[in-house]
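Spelled out from the first residue to the last, the chains are:
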Amino acid sequence: MRVATVAFYGCALGLLAMGLREMFSGFEENRCTMTYMFEYPEYRRIALPRRVARQYPAYGLYLYGEGQYAQDTRGLKLTGAPVLFLPGNAGSYKQARSLGSVALRKAEALEGGVHLNVFTIDFNEELVALYGGSLRRQTLFLHESIKAILRLYKDHEAPPHSVVLVGHSMGGVVARALFTLPRFSPRLVSLIITQASPHQAPVLSLDAHLLEFYSAVRQRWVGRAEDLRNVTVLSVGGGYRDYQVRSGLTALPCPQDDPSKLSLVVTAVPRTWVSTDHLSIVWCKELVLATVRAFFDLIEPETGQFSDDPERRMAILNHHFIRHPVRVLGEQLEMPVSLSGSPKTWSEVNTLRLAYSAPKEGQAKYFLFALSSRRRAYSHFYCRSNNLSLQQEMTSWVYGCTQMNGSMCVQAVDLSFGTELLPAYKVLTLSLSELSSVSHLIVVASNLNGRQFTVECEWQRQESQTVSVPVPHVLSFGMSVSDVTLNSTGLRHTIELQHFHQVYQAFRISVVSHCKVTKADRLPNVYIMKVPWFREDSVTTSSIPSVTEISGMLHTSRPDNSTGVLLQLHTAPNCLYKVSVRTSFPRVLGQVLRFCGPVLPVYVAVALLLACGGQMSSVVRMGRPLQMSHAVARSLQPHKVDLPVYLLHLLLRYSWFQDGWSTLHLPPLDALPATSPDGMTQEGLPLNEDWPRLLSPLLYVLGAAIAFWGSVLLRLFLRLLSLLLAPLHRPSVSRDCGTLRRRTQLLLILCLSVLGWASCGALSITATFLLHLYRVLRLQMTERSLSHMLNLAPDKQTDKEKGTGEKEKGTGEKEKGTGEKEKGTGEKEKGTGEKERGTGNSEALDSKPKECNGAPLLSDSVLQDVRDDLQLHVSLSALLTLPVMLCAPSLIHWTRNLRYSVARLDPDPCWPHSMPLFIASLLLINCNTLTLSYSKTLPITSRLLLPLSVAMVSFSPLHLYRVNYFVSAALVPLAVSCLF
């Protein structure tokens, strides 16, 4: 193996490892607080109708309870508001305990008996993100569960008419799929909250049933969404810690003018501001508290049930999950407010900035800011306060005066509804152009309870406090830097990061703060990275002075020509801030893998397919295959695959080519995953984007690196496993070890066909792979045995020559005669060889192959033949590994449901498409390089693999299950070449 080849693939592996490390660990530590149960949790199973229980034996419906509440609900006489939790992929119904426990503690702290009844569904921890055959069944059971829950309230005075659904992961997708059922009434569900649910597309499209399910849900919510506007849906993504479901996939596919659908990332949720992984989003206390608070605000006190008003629902969700002003938007006071107080409590501020610290002694305090002299010079008024007690957080604190009486304001309007809650303080920014009816601004700084806090306000000119900075190029590798220095004379600055709008861009943003005078009572800095086109804001808090690093990455690309990313700095006055923006190459790789990682199996398959084609070409030219790693290295020719794919994309822009494409009934071309929520077609396929085509060569190199080092690990694994299994087998020196008789092959084909039809197609593929693996292991054992024998043979031959030198001299003439005899024998063997050439190596095709214990003449050529066969079958084993891995989820699902039913898997995504695959694999077990070298169809087969690779890249990135089809299309002609 050449050093340059190893170095190249070592570098490619290093890039892959760098990207994976950044994707899996290149984020902040988990700052979520764990939720705890104060009493032992109980899950009471709800009895379902006999028909439902018989039809869905693996599923169940439970009611969550703790302590006295669990005892009170033993008779299932429920009076609370129903909430149903839906677990996701491989999720447990017991994950509802965080939501149920916090809701129970919240209800105990309230008066009036308002509480929640939290139900949860057991979906048997099915792998529905990988096997789509169960999604329809789960949706139907969910419908039955909702009807069963509502029946429990039939004797209630004000029974609920709908159930609130909380879906985690694929549970959120199942919740939206309810509305695709023909007999489902949309009135049964009024609110859906999903957590880390991939609404845009499945993470891995391993079967056609999964994509069909997504297509039906998308058509219902996008194409026929008129009757769903009264259904409120909130989707929450986990942020960068969730590497299983990236937050871009959690955006709801819905009409843009639908006001009842809301998508955001958990880092933008007020009072949360943390990123969660795929599991912690269920138990993260900060997010659970926000959800439970919203639920209790949604309950009508008169009925104890959730509100039926869609506008009120959206107002409450906006309050708790987006901005968190002092009051819910629906509770604005239209009447003027009367303010009281003695003249001593009123102070007029004539300076440009106010900095006030409340004393320990309780007192009332009002600050007046006259607008008349400031309207022309300034555009905004900014104020912030760290008075964040539970009582003051929901209290109005900024007013606009409409009637003055001397130095006091007697009538005012509340302007606090635009307050934004930040980790360290609450802030309010008012536009002076919208305050034409107001003469003065009033800031309330009263501390009647003696609580100390700080208030800082100032007049701002937005143009002078906004700076634009162009970000470095993504390929600058961190060598160039864009920076800006802010002499902070204000409390807030905004930096527009120009040309930052694509997901493959990633930056390290460093903010260095320094103040000449150190003050202990300074409010901390708060840095907010705002993304205008998606609610994925991230908040960072730092002290003064400090050096803070912000991760500049995006969950979605900019869908239009809207403004770029904004970095909003809430700073301390009279301090110096230096902001530096530098490209982070590891984070760029992490972003590439985060968005395009699910496509890597396609490029690994292409690399293995082209390597197999290179081995077949080598057999045609030289009669022996290349070493597996050499074949992978030589097959790295991205231009042969990418250029035809790119040409197809160009031609499909012309109508005449599209018409011909449609006439042939060809499926649409796949592209790399879409990066913006609006970058999807009606069928859920991504629109044409230019940047993914630039990434295709990189993905090809990464896929080839996986194939290269995977083949090396496979050889090491085979050697280790053959050493462990060697004592169980007698030594062999025949290349036919591990082969099957023709009758055995036909019997296995019949048995595996019946097995796949009666149980699971993936089971037949796995059994065939194990049979082929056994053939490879026997070849590995034979290669080691022959190597040992030939290593010992020269020493024995030398000892014999020393003792019998004279005897060999006396028998020279005899050996000469023997040579003539061998020469005649050679002519006979040559004739036999011609006969074998004409009959296509009848020995290899004989229904009764040589026994493994045969003892052919030992020589280097015999060892080389075994090594050639080993290289061939290692390549085939690596190629067969992909179908086994892609079909594994359906096999796992079938195995786990054996205790409920021994019937066949229905639907089975691997049947009957797996039949050509395992039939060809069984026939290839008996194949060897000698047979292939005499094949008449091998030259055509070796040239067929490149077009198959092009087709795989064209049609498989968003349909991974099609990889199996192309592998079958490659193995079938290869099996034919072994026969003819």
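Note that the coordinates shown come from a computational prediction; the quantities given were computed from them, not determined experimentally.

Asker: Could you clarify how one ought to interpret the overall build of the protein chain in this entry?
Answerer: Helix and strand counts for the protein chain stand at 27 helices and 28 strands. Looking at the protein chain as a whole, 55% of its 980 residues are labelled buried. Residue pairs at least 24 apart in sequence account for 81% of intrachain contacts in the protein chain once pairs closer than 6 positions are excluded. If you sum the accessible surface of the protein chain, you get close to 43600 Å²; carbon and sulfur atoms cover 56% of it.

Asker: I'm lost on the packing of helix α9 (residues 285–298) against helix α10 (residues 310–321) in this one. Help?
Answerer: The contact between α9 and α10 brings their axes to 10 Å, and the two run at 150°. Considering the angle they form, α9 stands roughly antiparallel to α10. The way α9 lies across α10 gives a crossing that is right-handed. In this structure, α9 uses Leu287, Ala290, Thr291, Arg293, Ala294, Asp297 and Leu298 to contact α10, whose residues at the interface are Arg312, Arg313, Ile316, Leu317, His320 and Phe321. Taken together, the residues of the contact of α9 with α10 break down into 7 nonpolar, 2 polar and 4 charged.

Asker: Could you clarify how one ought to interpret the pattern of salt bridges in this entry?
Answerer: Pairing between side chains of opposite charge can happen when the charged atoms of each approach one another. Overall, the coordinates contain 22 salt bridges when judged by the stated rule. With a shortest N-O distance of 3.8 Å, arginine 241 and aspartate 277 are connected by a salt bridge. Of this pair, arginine 241 sits in the loop between β7 (232–237) and β8 (261–265) while aspartate 277 sits in the loop between β8 and α8 (280–283), and the two are 36 residues apart along the sequence. By the burial criterion, arginine 241 is buried, and aspartate 277 matches it. Arginine 587 is the salt-bridge partner of glutamate 549, the closest N and O atoms lying 3.0 Å from each other. Placement of glutamate 549 in strand β26 (residues 546–552) and of arginine 587 in helix α12 (residues 585–596) is noted, with a sequence separation of 38 residues between them. Judged by its relative accessible area of 12%, arginine 587 falls in the buried class. Through salt bridges with shared partners, a single ionic network connects Glu22, Arg508, Glu549 and Arg587.

Asker: In this structure, what is going on with the packing of aromatic side chains? I would like to understand it.
Answerer: Aromatic rings considered in pairs are described by the distance between their centres and by the relative angle of their planes. Tallied over the entire structure, the rule returns 28 aromatic pairs. Between phenylalanine 369 and tryptophan 459, the aromatic rings sit 6.2 Å apart at their centres with planes inclined by 75°, giving edge-to-face as the arrangement. Taken together, the residues phenylalanine 369 in strand β12 (residues 366–370) and tryptophan 459 in strand β19 (residues 454–460) connect sequence positions 90 residues apart. As far as burial versus exposure is concerned, phenylalanine 369 and tryptophan 459 are alike and both buried. An aromatic cluster of three or more residues is present, and its members are Tyr654, Trp656, Phe657, Trp661 and Phe955. Positioned above the aromatic ring of tyrosine 425 is the side chain of arginine 384, whose terminal nitrogen or guanidinium carbon lies 5.0 Å from the ring centre.

Asker: Would you mind showing me how to read the packing of helix α15 (residues 638–651) against helix α26 (residues 938–955) here?
Answerer: Between two packed helices, what matters for the description is the angle formed by their axes and the separation of those axes. For the pair α15 and α26, interaxial distance at closest approach is 9 Å and the crossing angle is 55°. One way to sum up the angle between α15 and α26 is to call them oblique. In the crossing of α15 with α26, the sense of the turn from one axis to the other is right-handed. Along the contact surface, α15 presents Lys640, Val641, Pro644, Val645 and Leu648, while α26 presents Leu946, Ser949, Val950, Val953 and Ser954. By residue class, the composition of the contact of α15 with α26 is 7 nonpolar, 2 polar and 1 charged.

Asker: Please explain the side chain of glutamate 286 as it appears in this structure.
Answerer: Topologically, glutamate 286 is positioned in helix α9. Buried and unpaired, glutamate 286 has lysine 285 as its nearest opposite-charge partner, separated by 7.4 Å. Polar contacts involving the side chain of glutamate 286 include one to the side chain of threonine 33, which spans 2.7 Å. If sequence neighbours within four positions are ignored, glutamate 286 has contacts with Arg31, Cys32, Thr33, Arg271 and Thr272.

Asker: What exactly am I supposed to notice about helix α5 (residues 135–151) here?
Answerer: Given 3.6 residues to a turn, an α-helix orients residues that are three or four positions apart in the same direction. A rise of 1.5 Å per residue sets the reference length of α5, with its 17 residues, at 24 Å; its end C-alpha atoms lie 25 Å apart and thus fit the reference within 8%. Burial runs high along α5: 12 of the 17 residues are buried. Of the residues making up α5, those classed as buried are Leu135, Gln138, Thr139, Phe141, Leu142, His143, Glu144, Ser145, Ile146, Ala148, Ile149 and Leu150.

Asker: Whenever I open this one, empty space enclosed by the protein confuses me. Can you help?
Answerer: A water-sized probe, rolled over the atoms, reveals where empty space remains. According to the stated counting rule, one finds 10 cavities of 30 Å³ or more in the structure shown. Together, 13 residues line the largest cavity, and Cys887, Pro909, Cys910, Asn964 and Tyr965 are the ones closest to its centre. Examining the composition of the lining of the largest cavity, we find that 3 residues originate from one element, helix α27 (residues 962–979), more than from any other. Its residues placed into classes, the lining of the largest cavity shows 9 nonpolar, 4 polar and no charged.

Asker: Explanation requested: unusual backbone geometry in the structure shown.
Answerer: Where the residue is not glycine, phi is negative for most of them; where a peptide bond is considered, it is trans in most cases. Each neighbour pair has its own omega, and for isoleucine 544 with proline 545 the value is -5°, a cis peptide bond. By the secondary structure assignment, proline 545 is in the loop between β25 (538–542) and β26. Here the residue pair aspartate 906 and proline 907 is connected by a cis peptide bond, since its omega of 0° sits within 30 degrees of zero. Tracing the backbone shows proline 907 in the loop between α23 (860–896) and α24 (914–924).

Asker: Would you mind showing me how to read the state of the cysteines here?
Answerer: Think of a disulfide as a covalent bridge from one cysteine sulfur atom to another cysteine sulfur atom. Counted under the stated rule, the structure contains 5 disulfides. A sulfur-sulfur distance of 2.2 Å marks the disulfide that ties cysteine 401 to cysteine 409. The S-S bond linking cysteine 401 to cysteine 409 shows a torsion near 105°; that makes this disulfide right-handed. In this structure cysteine 401 comes out as buried when scored by relative accessible area, which is 0%. A relative accessible area of 0% means that cysteine 409 is categorised as buried. Taken in N- to C-terminal order, the disulfide-linked cysteines of the protein chain are connected 1-2, 3-6, 4-5, 7-8, 9-10.

Asker: What am I meant to see in the sheet that holds strand β20 (residues 466–470) here?
Answerer: Strand pairing in a sheet relies on backbone hydrogen bonds. The paired strands run either parallel or antiparallel. Strand order in the open sheet formed by 5 strands is β20-β22-β27-β24-β25, and the pairing between neighbours is mixed. Each of the sheet's edge strands pairs with one partner strand only, and the pair in question is β20 and β25. Pairwise comparison of adjacent strand axes, ignoring direction, gives a mean angle of 20° for this sheet. Sheet topology note: the strand β22 (residues 492–498)/strand β27 (residues 565–570) ladder contains 6 bridges and is antiparallel. If you follow threonine 494 over to β27, its bridge partner there is glutamine 568.

What counts and what doesn't
The numbering scheme is per chain: residues are counted from 1 as the chain's sequence reads. Where totals are concerned, whole chains, interfaces and linings use all residues; where local detail is concerned, this predicted model gives features only for residues with pLDDT of at least 70, and gives and counts side-chain atom pairs only at 80 or more. For side-chain calculations, the full set of non-hydrogen atoms in the structure is used, while hydrogens and water are omitted. Runs of H or I in DSSP of at least four residues are treated as helices and runs of E of at least two as strands, each being numbered from the N terminus. Classification of residues uses two cut-offs on accessible area relative to the type maximum, computed with a 1.4 Å probe and protein chains only: under 20% is buried, over 50% is exposed, and between them is partly exposed. Should any heavy atoms of two residues lie within 4.5 Å, those residues are counted as being in contact. Method for areas: the Shrake-Rupley scheme with a 1.4 Å probe, in which residue coverage is limited to the protein chains shown. Working convention: axes come from line fits to C-alpha atoms, limited for helices to the stretch in contact. Angles between N-to-C directions cover 0 to 180 degrees. Our angle categories are set so that under 35 degrees counts as roughly parallel, over 145 as roughly antiparallel, 65 to 115 as roughly perpendicular, and the remainder as oblique. For any pair of crossing helices, the crossing counts as left-handed if the nearer helix is rotated counterclockwise from the farther one by less than a right angle, and right-handed if it is rotated clockwise. When residues are sorted by character, Ala, Val, Leu, Ile, Met, Phe, Trp, Tyr, Cys and Pro go into the nonpolar class, Asp, Glu, Lys and Arg into the charged class, and all the rest, Gly among them, into the polar class. Note on definitions: salt bridges are taken to be side-chain nitrogens of Lys or Arg within 4 Å of carboxyl oxygens of Asp or Glu. Only rings of Phe, Tyr and Trp enter the pairing, Trp through its six-membered ring, and a pair is recorded when the two centres are within 6.5 Å. The plane angle decides the type: under 30 degrees is stacked, over 60 is edge-to-face, the rest tilted. Charges are assigned to positions over rings by a cutoff of 6 Å between ring centre and Lys NZ or Arg CZ, combined with an angular limit of 35 degrees from the ring normal. When charges are tallied, Lys and Arg are placed among the positive residues and Asp and Glu among the negative ones, while His and the ends of the chain are skipped. Whenever a nitrogen or oxygen atom comes within 3.5 Å of another N or O atom, the pair is scored as a polar contact, on the condition that within protein one atom can donate a hydrogen and the other can accept it, and that pairs from neighbouring residues in sequence are kept only if both atoms are in side chains. What a helix is expected to span follows from its residue count: subtract one and scale by 1.5 Å. Buriedness of a pocket was judged along seven lines, with at least five required to meet protein on both sides within 12 Å; pockets are open sets of points on a 1 Å grid over the protein atoms alone, cavities are sets where a 1.4 Å probe fits but cannot get out, and lining residues have an atom within 4 Å of a point. Grid points are joined across faces, edges and corners, and a volume is the space filled by probe spheres set on the points. Here, two cysteine sulfur atoms that lie within 2.5 Å of each other are counted as a disulfide. Strands are labelled as partners when DSSP assigns at least two bridges between them.

Geometric values such as these leave the question of function open.
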